[in-house]
Every structure is written in C-alpha cells, then in structure tokens.
Amino acid sequence: MDDVLDEKKFKKTLLIDAKAVGIPVGAAEIFIDKSIKDAKKALKTKKIITENDLERTVSRELKKYNADLAYVFKNRDKII
Amino acid sequence: MSILTSLGIVVCAVLIVALMQLIPSIFLLFSHYTSGKYSKNKASDLVLFFTLGVESMTVLMIAVIYFVLNALFSHLSINNNIWAWVWSGILIALAILYFVFYFGKSDGTRLFISRKCAKNFQHKITTVKKRSDAFVLGLVSVIPETVFTLPVYVVLILKIMLVGENPFARAGLIILAVLIVLLPLAVIRVVLDSGRNLADVQKYRVKNKTFLKFVVGILYIILAILIIMETA
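Residues numbered from 1 in each chain as written. Chains lettered and ligands numbered in written order. Predicted model: local features only at pLDDT ≥ 70, side-chain atom pairs only at ≥ 80, totals over all residues. Heavy atoms only, no water.

Caption draft 1: View of the overall build of chain A. A count of helices and strands for chain A gives 4 helices and 0 strands. Ordered by position from N to C terminus, the α and β elements of chain A give α-α-α-α. What you see for chain A is a C-alpha radius of gyration of 12 Å, in line with the 12 Å of a compact globule of 80 residues. Here the C-alpha coordinates of chain A stretch approximately 35 × 30 × 25 Å along the principal axes. Going through the 80 residues of chain A one by one, you find that 42% of them count as buried. (Helix = DSSP H or I, 4+ residues; strand = E, 2+ residues; numbered from the N terminus. Rg over C-alpha atoms; globule rule 2.2 N^0.38 Å. Buried < 20%, exposed > 50% of the residue type's maximum accessible area, 1.4 Å probe, protein only.)

Given below as structure tokens:
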C-alpha cells in the first residue's frame, strides 16, 4: 500500500516538473511511467532500495527522454 | 571627489543587494512549481503575491533601519570616523564570510542556510495554494539573508539621511533602496517568460557561482574603502 502511495506522489511531482519545463502532459506521462518501470527493473537485484537509489536511477532513465526534466529532478534539492 | 564617492557607495550597495541569491533561488523554484501545478493565471497571481511579500518585508526593514538610525544619531553623539572604521570592518568581515560560507559545498547553488530551513522553504513552495500563502512565503524569504544585506542597507539609508534637503535625491534613493530587491526577480521572470526553464537558469547560476562570489566579495571591500574615503 505504501509503495503505491509513494509512486503516485512521485509521479505527480515529476508531472508538475514536466509541465513546468514545457513538456506536453500526455508525452510526459508516457515516458515518466516508462522511466519508473525501467528504474524498478534496474533496482530489482538490490535487497534494500533507498530513496537516493531510486532518484539516481529514475534520473538516469529520464535523461534518455528529456535532459531538462532529468536535470530538474536531480537538482531540485540543490537550488536553495 | 565627494560626489563620486557618494555615487560609488550607492552603486556598490545597490549591486550587493541585487546580487544576493536566496530570494532569487526561492522565486525561481516557486515560479517553476506554480507554473507546473496551476493554470497560467493562477501561477502569475501567486508569483505576484510572493513578490509583494518580498517588497513589503523590504520596506518594513528599511523603515525600521531609518527609525533606529535617526534615533541613534539624534540622541547619541557618534564620532563619524569611528563609525566609518567600525562599519568598514563589518563589511570586510562580511566579504570574507560571503566568499567562504555563502554558497554551500555541493555542486549546485545550495546556500548558507541550514538544510532544515532549506527543506522548510521547499516544502512551503510545493504546498502554496492561496495568495496569503504566497505573500507570507515572500515575507519570510527576506529574513535569512539579512545577515548579509542589513549592514549594506544601513549604509544606503545613512546616505539617504545625509543627502541634504534635496527632495528628489532623497526620493530617488528611497525608491532605489526599496525596488532594488525586485531587480533579480524581474530578470528571472523575463527569462522564464521568454521560453527558458528552471534547468536553463539553474545551469547558468551554477556555472557563474564562483564568479559571483568574487564579484560580491570585491564589492563589499570597495564599499568599505569608499566609506573610509568619504569620512577621511
């Protein structure tokens, strides 16, 4: 249950970032879903997945689709 | 020489305030989030109220400084030379502090404020829904940076008080002191409206971080020297 809630919040944050960066919402939903799916696949072998692991992997997957979104996602904690 | 040093003091003070990064950082993140979360009209509205909050706190701060300085200079006989040397010492100390501590050690533009404070700001930015929230966020954004801007505002306001009876010069300086904090916000707004996004602006800021440290540090030192020159 917690996983589903976290993923929804995670996707919502990414969609807000995508819209702000200028990506059409429909396209953003598709590649965000794909990035999260690919990130989960890449982290399947790990016994413990930290938030940092997830963020790093998702950022790497997002970069394949949109470099600006990946940059914003990776650096949002380094602005203030 | 006196007019030149006075002008130099005003220009240095104004540039130092305009080059501070906390309010622009919060504004940048706030503009990004509101444009992603809300409609264009609502986002513009919230950004306007944030700006009003920043401006209100700046005006309040300037008014309090003016009142305190007026009271101090009316009731205490302060030696101008001692005052100039003490204040210059403070500005040089701030130059060193700015250079060493203003930007954090990370590869972004993390600032000197504690991570808890930064996380609080980020949380507030993502949860703003109403105009009052945006206004309060604007008000509060000004406070952490006062350690670097307060001494500069004191110098600027002393200049306003000492400019004589010319009402235009006084009004001009007051308007400048009040509006200068909006200059970086206006620049960011124009850049974002021209089609750039947070990623573009942030990459530029990170690239020029070290240059900015040097420039502001040197401006503090020049300001300190000009204050001493003026009272010499």
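Caption draft 2: Representation of the confidence of the model for chain B in the model. Taken as a whole, chain B shows an average pLDDT of 92; of its residues, 97% reach a score of 70 or greater. Within chain B, helix H8 (residues 167-179) of chain B has the poorest average pLDDT of any element, 85, and helix H6 (residues 131-142) of chain B the best, 97. (pLDDT = per-residue confidence, 0-100.)

Caption draft 3: Up close: the environment of Val-59 of chain B. Residue and element names in this part refer to chain B. Along the polypeptide, Val-59 turns up in helix H3 (residues 40-75). For Val-59, a relative accessible area of 39% translates into the label partly exposed. For the pair formed by Val-59 and Pro-184, sequence separation is 125 residues and the distance between their alpha carbons is 17 Å.

Caption draft 4: Fine view of the nonpolar core. Among the nonpolar cores identified, the biggest contains 94 residues, and Ile-80 of chain A together with Tyr-220 of chain B are the most heavily contacted of them. Residue contributions to this core peak at 10 residues, all from helix H7 (residues 146-162) of chain B. (Core = buried A, V, L, I, M, F, W, Y, C linked by side-chain atoms within 4.5 Å.)

Caption draft 5: The interface of chain A and chain B, seen in detail. Of the residues lining the interface, 14 residues belong to chain A; the matching set on chain B comes to 30 residues. In total, about 1900 Å² of surface goes out of reach between chain A and chain B, with carbon and sulfur atoms giving 59% of it. Broken down residue by residue, the surface that chain A buries against chain B is led by Lys-78, Ile-79 and Ile-80 of chain A, which jointly contribute 42%. On inspection of chain A and its partner chain B, the count reaches 2 salt bridges. A salt bridge links Lys-203 of chain B to Asp-68 of chain A, with the nearest nitrogen and oxygen atoms 3.8 Å apart. If you look at where chain A meets chain B, you find 13 residue pairs in polar contact (both at pLDDT 80 or more). (Contact = heavy atoms within 4.5 Å. Buried area = accessible area lost by both parts, 1.4 Å probe. Salt bridge = Lys/Arg side-chain N within 4 Å of Asp/Glu carboxyl O. Polar contact = N/O pair within 3.5 Å; in protein donor to acceptor, adjacent residues only side chain to side chain.)

Caption draft 6: Summary view of helix H2 (residues 22-37) of chain B. Between its terminal C-alpha atoms H2 of chain B stretches 22 Å, which fits the 22 Å expected from 16 residues at 1.5 Å a residue. Burial within H2 of chain B is extensive, with 14 of its 16 residues counted as buried. (Expected span 1.5 Å × (residues − 1).)

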